[in-house]
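Summary of structural features
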Amino acid sequence: MPDDLPNLSVAHLDTPDRQKLTPARISTHPPRILLLYGSLRATSYSRLLTFEAERILRHFGADTRVFDPHGLPLADSVPADHPKVVELRKLSEWSEGQVWCSPERHGNLTAVFKNQIDWLPLESAGIRPTQGRTLAVMQVCGGSQSFNAVNALRVLGRWMRMVTIPNQSSVAKAWQEFDAAGRMKPSAYYDREVDVMEELFKFTLLVRDRSDYLTSRYSERKEAAPAQASTLAGTAMQHEDGSRDETNDSDDSETE
């Protein structure tokens, strides 16, 4: 144990280096991308923007799925074996990267979008359906350009332990940006969406074969090997006991 790091469990520590970042294997299948949107309206611009993103990703060679939030119950209102919940969770587990697109409503993302994420557990039966996946965030605005929804999506992505790419898309006055067929018109907004999908594709290729190593955590390795941690903790306690004044009474109370 290093003298200057007395609380460190060396047995559980991993010192990163370039060699460890070299994948044991290189995946050859197309990157698997799940796309989620946050509106149930018949004319949903977040859905149209999501479909446009899907077309771009498919052009790059991605294997894509778009989840339809219609029929997804409110989180925790039904058991998790509901067909729409099972579908969403399986798609998230299948994915290597995701695209999240929400309208901005009252300065934030919509309940329709948040409900989808609320159905995704951080961990279930040893499976983490979002951890280590790449993520791109987008929003549509009814008025002037805003970034409240994409900022909220970034917070949500961090909470779900995802690798959120730097670029993002926010489309102002979205109702002006699509034609009668539902296709996005040529514009700087369209060019930005291409930028975002290109970046997501690159990051997914970079991360997917390294995800397990990149998300391996010191604290979780300690938890997974409690015997080692207990031995080290016992040694530390013996050291503390030896340094105490022998006249001090012991305190068996727990601190939380």
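Refer to the structure printed above.
Residues numbered from 1 in each chain as written. Predicted model: local features only at pLDDT ≥ 70, side-chain atom pairs only at ≥ 80, totals over all residues. Heavy atoms only, no water.

Considerations on helix α3 (residues 111-118)
If you check which residues of α3 are buried, you get Phe113, Asn115, Gln116 and Ile117. Buried positions along α3 lie against β1 (32-37), α2 (83-94), β3 (97-103) and α4 (148-159). (Buried < 20%, exposed > 50% of the residue type's maximum accessible area, 1.4 Å probe, protein only. Helix = DSSP H or I, 4+ residues; strand = E, 2+ residues; numbered from the N terminus. Contact = heavy atoms within 4.5 Å.)

Quick word on the pattern of salt bridges
One pass over the full model with this rule turns up 14 salt bridges. As a salt-bridge pair, Arg55 and Glu52 come within 3.2 Å of each other at their nearest N and O atoms. Remark: Glu52 and Arg55 occur in helix α1 (residues 45-60); sequence separation between them is 3 residues, near one turn of the helix. Notably, a salt bridge pairs Arg128 with Glu220, separated by 3.1 Å at the nearest N-O pair. With Arg128 in the loop between α3 and β4 (134-140) and Glu220 in helix α7 (residues 218-224), the pair connects residues that are 92 residues apart, well separated along the chain. Because the salt bridges share partners, they merge into one network encompassing Glu123, Arg128, Arg161, Arg217 and Glu220. (Salt bridge = Lys/Arg side-chain N within 4 Å of Asp/Glu carboxyl O.)

Quick notes on the packing of aromatic side chains
Within this structure, the stated rule accounts for 3 aromatic pairs. Ring geometry for Tyr45 against Phe178: centres 5.8 Å apart, planes inclined by 35°, an arrangement best described as tilted. In this pair, Tyr45 is assigned in helix α1 and Phe178 in the loop between β6 (169-171) and α5 (188-207), connecting sequence segments 133 residues apart. The partly exposed category is assigned to Tyr45, whose relative accessible area is 27%. A relative accessible area of 6% means that Phe178 is categorised as buried. Ring geometry for Phe60 versus Phe201: centroids 5.7 Å apart, planes at 50°, classification tilted. Of the two residues, Phe60 sits in helix α1 while Phe201 sits in helix α5, which places them 141 residues apart along the sequence. The exposure class assigned to Phe201 is buried, which follows from its relative accessible area of 13%. (Phe/Tyr/Trp six-rings, centres within 6.5 Å; stacked < 30°, edge-to-face > 60°.)

Looking at unusual backbone geometry
Unusually for a residue other than glycine, Arg161 sits at a positive phi of about 60°. Its location among the elements puts Arg161 in the loop between α4 and β5 (163-164). Even without glycine at this site, Lys173 takes up a positive phi of about 45°. Locating Lys173 in the fold gives a position in the loop between β6 and α5.

Some words on α4
Taking 1.5 Å of rise per residue, 12 residues should cover 16 Å, and α4 covers 17 Å from first to last C-alpha, within 8% of that figure. Looking at α4, one finds that the buried residues are Ala149, Val150, Ala152, Leu153, Leu156 and Gly157. With its buried residues spanning 155° around the axis, α4 presents them on a single face. Set apart from the buried face of α4 by more than 90 degrees, the exposed residues are Val155, Arg158 and Trp159. Two residues or fewer past α4, Arg161 is found with a positive phi of approximately 60°. (Expected span 1.5 Å × (residues − 1). Arc of directions from axis to C-beta.)

Looking at the pairing of β4
Note on strand geometry: in a regular strand, side chains alternate between the two faces of the sheet. A large share of β4 lies buried, amounting to 7 of its 7 residues. Where burial is concerned, the two faces of β4 agree: the one with Thr134, Ala136, Met138 and Val140 and the one with Leu135, Val137 and Gln139 are both buried. Summarising the sheet, β3 and β4 pair through 7 bridges and their orientation is parallel. By the bridge assignment for β4, Pro103 is matched with Val140. Taken together, β3, α3 and β4 form a β-α-β motif whose crossover is right-handed. Two elements, β4 and β5, share 2 bridges in a ladder whose sense is parallel. Within β5, the residue paired with Thr134 across the bridge is Val163. In this structure, β4 lies alongside β6, joined through 3 bridges in parallel fashion. By the bridge assignment for β6, Gln139 is matched with Ser170. (Pairing = 2+ DSSP bridges. Right-handed = clockwise from strand over helix to strand, strands pointing away.)

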